[in-house]
Amino acid sequence: MIIDVIMESFATAVATMIEWIPAIVAAIIIVLIGWFAGRLAGKIIGKIIEKIRLGDAVDKTIIGDAFKSSGLTTASFFEILVRWFIYVIFIMAAINVLNLPMLTNFMNQLVLYIPHLIAGIFVLIVGLILVDFVMDWVGEQLTSREVGFGDLIAPLLRALFSLFVVVLALDQ
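Quick caveat, the model's predicted, so the values are computed rather than measured.

**Comments concerning unusual backbone geometry**
- In this structure, N99 is a non-glycine residue whose phi angle is positive, near 60°.
- With respect to the helices and strands, N99 occurs in the loop between α4 (74-98) and α5 (101-144).

**Re the packing of α4 against α5**
- Interhelical geometry of α4 versus α5 gives an angle of 165° and a closest axis separation of 9 Å. When the axes of α4 and α5 are compared, the pair comes out roughly antiparallel. Crossing of α4 over α5 shows left-handed handedness. From α4, F77, F78, L81, F85, V88, I89, I91, M92, I95 and N96 reach across to α5, where they touch L103, T104, M107, N108, L110, V111, I114, P115, I118, I121 and I125.
- Grouping the amino acids of the contact of α4 with α5 by side-chain chemistry returns 18 nonpolar, 3 polar and no charged.

**What about the confidence of the model for the protein?**
- Residue-level pLDDT values for the protein average 84, and 99% of them are 70 or greater.
- Looking across the protein, the model is least confident in helix α3 (residues 62-70), with a mean pLDDT of 74, and most confident in α4, with 88.

**Structural notes on the packing of aromatic side chains**
- On inspection of all chains with the given rule, the structure shows 3 aromatic pairs.
- For the pair W35 and F36, a centre-to-centre distance of 4.9 Å together with 65° between the ring planes defines the contact as edge-to-face.
- A residue is classified by how much of its surface remains accessible, and F36, at 54% relative accessible area, is exposed.
- Ring geometry for F77 against F78: centres 5.4 Å apart, planes inclined by 80°, an arrangement best described as edge-to-face. In this pair, the class of F77 matches that of F78, namely buried.

**Some details on the nonpolar core**
- By size, the foremost hydrophobic cluster in this structure holds 17 residues, and its most contacted members are I63, F77, F78, I121 and I125.
- Of all elements in the fold, only α3, α4, α5 and α6 (150-171) reach the threshold of two or more residues within this core.
- Per element, the largest residue contribution to this core is 7 residues, and it comes from α5.
- Here I125 is in contact with V58, I63 and F78, once residues within four sequence places are set aside.
- Of all hydrophobic cores here, the second largest spans 6 residues; its members include V88, M92, I95 and M107.

**Focus on the packing of helix α1 (residues 2-51) against α4**
- At a closest axis distance of 7 Å, the pairing of α1 and α4 adopts a crossing angle of 160°. With respect to each other, α1 and α4 are oriented roughly antiparallel. Our pair here, α1 against α4, has a crossing hand that is right-handed.
- Partitioned by chemical class, the residues of the contact of α1 with α4 number 23 nonpolar, 5 polar and 5 charged.

What counts, and where the lines are drawn
- Within any chain, residue numbers begin from 1 and follow the written order of that chain's sequence.
- Where local features are concerned, this predicted model is filtered to residues with pLDDT of at least 70; where side-chain atom pairs are given and counted, the filter is 80 or more; whole-chain, interface and lining totals use all residues.
- By convention in this description, side-chain values take in all heavy atoms of the structure and omit both hydrogens and water.
- Elements are defined by DSSP. Helices are runs of H or I of four residues or more, strands are runs of E of two residues or more, and each kind is numbered from the N terminus.
- As a rule, the C-alpha atoms of each element are fitted with a line to give its axis, helices using only the stretch in contact, and angles between N-to-C directions run from 0 to 180 degrees.
- With respect to orientation, any angle under 35 degrees is reported as roughly parallel, any angle over 145 as roughly antiparallel, any angle of 65 to 115 as roughly perpendicular, and every other angle as oblique.
- Two helices cross in a left-handed way if the nearer one is turned anticlockwise from the farther one by less than a right angle. They cross in a right-handed way if the turn is clockwise.
- Any pair of residues with heavy atoms lying within 4.5 Å of one another is described as a contacting pair.
- Each residue gets one label: Ala, Val, Leu, Ile, Met, Phe, Trp, Tyr, Cys and Pro are nonpolar, Asp, Glu, Lys and Arg are charged, and the others, such as Gly, are polar.
- Confidence scores labelled pLDDT are given residue by residue by the predictor and lie between 0 and 100.
- Only centres within 6.5 Å qualify two rings of Phe, Tyr or Trp (six-membered ring in Trp) as a pair; their planes then separate them into stacked at under 30 degrees, edge-to-face at over 60, and tilted for everything else.
- Note on classification: 1.4 Å probe, protein chains only; a residue is buried when its accessible area is under 20% of the maximum for its type, exposed when over 50%, partly exposed between these limits.
- Side-chain atoms within 4.5 Å link the members of a nonpolar core, which is a set of buried Ala, Val, Leu, Ile, Met, Phe, Trp, Tyr and Cys residues.

So, in structure tokens, the structure goes:
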């Protein structure tokens, strides 16, 4: 009697595992396709950013200093960002194939957050480039017109506008 219960439980477990095999194989294939697609798209984005020379403009900002200290370039940063965005989308598809509702909800929230992250990074980079450009011009104007405390005003304005850009980026 106990042996029958054990055998029935074992047979049910084996049947359940056999039912999961196609879903697991499909999920593995989806993840592998995502890995290749992410690497390819990341390299394409990295090459585009190198061609338009975005790194030269970013290197003149605070973010450029942060990239340099971390050992990244602007192109490699965006390459990694795009690569992982695609990885996460394909991982979400694999989890959907496995039909795991809790993980599916988590991945949906993560994928919905990524565009906000990208927008925040874009606002930060473009904003700091603009602040740097405008404040260099303002500093030159203050110096050429010999405005009192001009050497103090320009750095304070740069810090204030940089803080404003950072707050806008964090809002994303």
